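Survey of secondary and tertiary structure
The primary structure of each chain is shown beneath.
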Amino acid sequence: MKLKACIVFFIISTFSFAQERITQDMMRRYAEKVQKFLDKEKALSAFYSIDTSGIKIFSSLNSKLTNKPEFFLDWAHLGDYRSELGADAAKAFEVYKTGKYQTQTEYSLPVPKLKIGNVNGSMEHDMPGRKKLQGIKIAIDPGHIANDFESGDLEKKHIKFKQDLVRGLPDSIEIAEGMLTYATAVLLKQKLEAEGAEVMLTRPDGTSAFGKTYKQWKKDNLKKAVDSLFKIGELKPSQKNYFFSAKADDRDIFRVIFRDLDLAKRAELINAYHPDFTIIIHYNVDETNTDWQHPAKRDFNMAFVGGAFMKNDLSSPEKRFEFLRLLITEDLEKSVALSSCVVSSFEKTLEVQTAGEQDATYISEGCLSTGKKGVYCRNLQLTRYIHTPLVYGETLYQDNIKESQLLNKESDKTKNVRVQQVAEAYFQGVLNYLTIK
Ligand SMILES: [Zn+2]
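Description of the overall build of the chain
Across its full length, the chain holds 15 helices and 12 strands. Taken over the C-alpha trace, the chain has a radius of gyration of 24 Å; the compact-globule value for 437 residues is 22 Å, and the two agree within 12%. In terms of overall dimensions, the chain has a C-alpha envelope of 95 × 60 × 40 Å along the principal axes. Burial status across the chain gives 50% buried among its 437 residues. Taking as baseline every contact in the chain between residues at least 6 positions apart, the subset at least 24 positions apart corresponds to 74%. Carbon and sulfur atoms provide 52% of the accessible area of the chain, an area that totals close to 21400 Å². Averaging the positions of the 63 positive and the 59 negative side-chain charges in the chain gives two centres separated by 3 Å.

And the structure:
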């Protein structure tokens, strides 16, 4: 009997010792991840705690001080909740709102799989005769909506330079970013599909993610949108009156009402599609080039992933849920791996430098470095609300003197050589990501 009791004691104490080590390991890893990827200003400690019991999310400092978490996830259930997040994030958000994750499954000690800064999206596709991207689902979001210069002007994504022989510009230039992103998306879709991937674009040519032009959306949806934004306190009474009046300027409607709703719709479409990963396509400009009246000299590539929440970025349960999702899933690590492959490919294919931390103020002031060259955590609407690994690509500066002339060629931008190179750069980056062992 004595020996038996000793053995039982030995087993129990070994088990609790192992359990304690795993808990300590997870506490350290998640605390490290918050610091490295999620908390830009080191100002979010009021909203979360990571201790021996698990992870708690708080709605305010007061709720933390009184230990009344908005959501509590104990270590034993972390693996199960992470799986639910991967399968259906909308359902996981409903669970979040109940305050606690409860499951019928047996107690099991989760083994931490999280590897900060060292996770790749390795997938093997080496069966003979099999296309490289067979079975892979990819969402592509071509940034902005313009398919003409008038709508480019409306969304302020329009570059117009007069002929300027002194600065070395022999012809005038006119570019709308939405036309470049859409053409890039179409070319990239063709390449990915040729390798067997299933691909979805978030918008048809010239329209928003609502499947209609801005003008049509305004006619059909503006009143309803203003009403619901007013109801949830996003618009003041004076703003509501302005947007209902005939004086309301299209640029204001676009900027204040339409743009965020269009982005929310893009995230909704992508999440409903359940892709393996998402590619968001943008072309950049030089932030120091005042009003983009003249061509400039600088030219860089970069990519964004989620994270880098600022102190006012956890103001709603939705935002705090996304913070938790990015913390406990591996979406962020996979996004970094994908983006790193894509950015390397940008540099190689386009022969344009990768941006360092000091090359733009929105990087140094609004981003966290991921440790991978040219890949930065940035809390954008899409990097926050898309529930898949993603790359938010910002290739080359459209207002660069050389790039502007290259991009100005061809009215059908799918025939533009520079746009074709950008599509190829994304494609090669994706292939590299999927073949990393
Ligand atoms: Zn853009």
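Now, onward.
Brief notes about the pattern of salt bridges
In total, this model carries 25 salt bridges according to the counting rule given. The partner of Glu 70 in a salt bridge is Arg 320, with the nearest N and O atoms 2.8 Å apart. Within this pair, whereas Glu 70 is found in the loop between helix 2 (61-65) and strand 3 (71-74), its partner Arg 320 is found in helix 10 (residues 317-328), the two being separated by 250 residues in sequence. With respect to burial, Glu 70 and Arg 320 carry one shared label: buried. Salt-bridge contacts for Glu 322 lead to Arg 325; the nearest nitrogen and oxygen are separated by 2.7 Å. Here Arg 325 and Glu 322 lie together in helix 10, a separation of 3 residues that amounts to about one turn. Residue Arg 325 is classed as buried on the basis of its relative accessible area, which comes to 2%.

Some words on the packing of helix 4 (residues 89-98) against helix 10
Running from N to C, helix 4 and helix 10 cross one another at 115°; their axes reach a closest spacing of 11 Å. Considered as vectors, helix 4 and helix 10 are oriented roughly perpendicular to each other. The two elements helix 4 and helix 10 cross, and the hand of that crossing is right-handed. Residue-level inspection shows Ala 89, Ala 92, Phe 93 and Tyr 96 of helix 4 in contact with helix 10, the latter providing Pro 317, Glu 318, Arg 320, Phe 321 and Leu 324. Tallied by class, residues from the contact of helix 4 with helix 10 come to 7 nonpolar, no polar and 2 charged.

Points about the domain arrangement of the chain
Taken as a whole, the chain is organised into domain 1 (2-98) and domain 2 (137-435). In this structure, domain 1 and domain 2 have C-alpha centres spaced 34 Å apart. Between domain 1 and domain 2, the contact holds 30 residues from the first and 29 residues from the second. At the boundary of domain 1 with domain 2, total buried surface from both sides reaches about 2700 Å², with 73% on carbon and sulfur atoms. Area buried by domain 1 at its contact with domain 2 is led by Phe 37, Leu 38 and Lys 40, which between them contribute 27% of it. The tally of links from domain 1 across to domain 2 stands at 2 salt bridges. Contributions of two or more residues to the side of domain 1 that touches domain 2 are made by helix 1 (2-38), strand 2 (54-57), strand 3, helix 3 (75-87) and helix 4. With 7 residues, the single largest contributor to the side of domain 1 that touches domain 2 is helix 1. Its residues placed into classes, the side of domain 1 that touches domain 2 shows 21 nonpolar, 2 polar and 7 charged.

Looking at the sheet that holds strand 1 (residues 48-51)
Reading across the sheet, the 3 strands line up as 1-2-3 and stay open at both edges, with antiparallel pairing between neighbours. Because the sheet does not close on itself, it has two edges, and the strands there are strand 1 and strand 3. Strand after strand, the sheet turns through a mean of 10° between neighbouring axes, direction not considered. Here strand 2 pairs with strand 3 via 4 bridges, running antiparallel. Bridging across to strand 3, Ile 57 finds its partner in Phe 71. Each of strand 1, strand 2 and strand 3 touches helix 3; the most contacted strand, strand 3, lies at about 105° to it.

Some details on the sheet that holds strand 11 (residues 375-377)
Strand order in the open sheet formed by 7 strands is 7-4-8-12-9-11-10, with mixed pairing between adjacent strands. Lying at the two open borders of the sheet, with one neighbouring strand each, are strand 7 (198-201) and strand 10 (368-369). Of the strands in this sheet, strand 4 (137-142), strand 7 and strand 8 (277-284) touch helix 9 (residues 250-273), which is tilted by about 170° from strand 4.

Brief notes about the nonpolar core
Core analysis: the largest hydrophobic core is formed by 85 residues, its most contacted members being Ile 55, Tyr 81, Leu 192, Ile 279 and Ile 328. The dominant element in this core, judged by the number of residues it contributes, is helix 15 (residues 417-435), at 10 residues. Here this core spans two domains, and each of domain 1 (2-98) and domain 2 (137-435) adds at least three residues to it. Filtering out sequence-adjacent residues up to four positions away, Ile 279 remains in contact with Ile 138, Ala 139, Ile 140, Asp 141, Leu 188, Leu 192, Val 391, Tyr 426 and Val 430. In this structure, Ala 355, Leu 380, Leu 382 and Ile 386 belong to the second largest nonpolar core, which totals 21 residues.

What counts as what
Residues numbered from 1 in each chain as written. Predicted model: local features only at pLDDT ≥ 70, side-chain atom pairs only at ≥ 80, totals over all residues. Heavy atoms only, no water. Helix = DSSP H or I, 4+ residues; strand = E, 2+ residues; numbered from the N terminus. Rg over C-alpha atoms; globule rule 2.2 N^0.38 Å. Buried < 20%, exposed > 50% of the residue type's maximum accessible area, 1.4 Å probe, protein only. Contact = heavy atoms within 4.5 Å. Areas by Shrake-Rupley, 256 points an atom, 1.4 Å probe, with all protein chains shown as cover. Lys, Arg positive; Asp, Glu negative; His and termini not counted. Charge placed at Lys NZ, Arg CZ, Asp CG, Glu CD. Salt bridge = Lys/Arg side-chain N within 4 Å of Asp/Glu carboxyl O. Axes fitted to C-alpha atoms, helices over the stretch in contact; angles between N-to-C directions. Parallel < 35°, antiparallel > 145°, perpendicular 65-115°, else oblique. Left-handed = near helix turned anticlockwise from the far one by under 90°. Nonpolar A, V, L, I, M, F, W, Y, C, P; charged D, E, K, R; others polar. Domains from an automatic or database assignment. Buried area = accessible area lost by both parts, 1.4 Å probe. Pairing = 2+ DSSP bridges. Core = buried A, V, L, I, M, F, W, Y, C linked by side-chain atoms within 4.5 Å.

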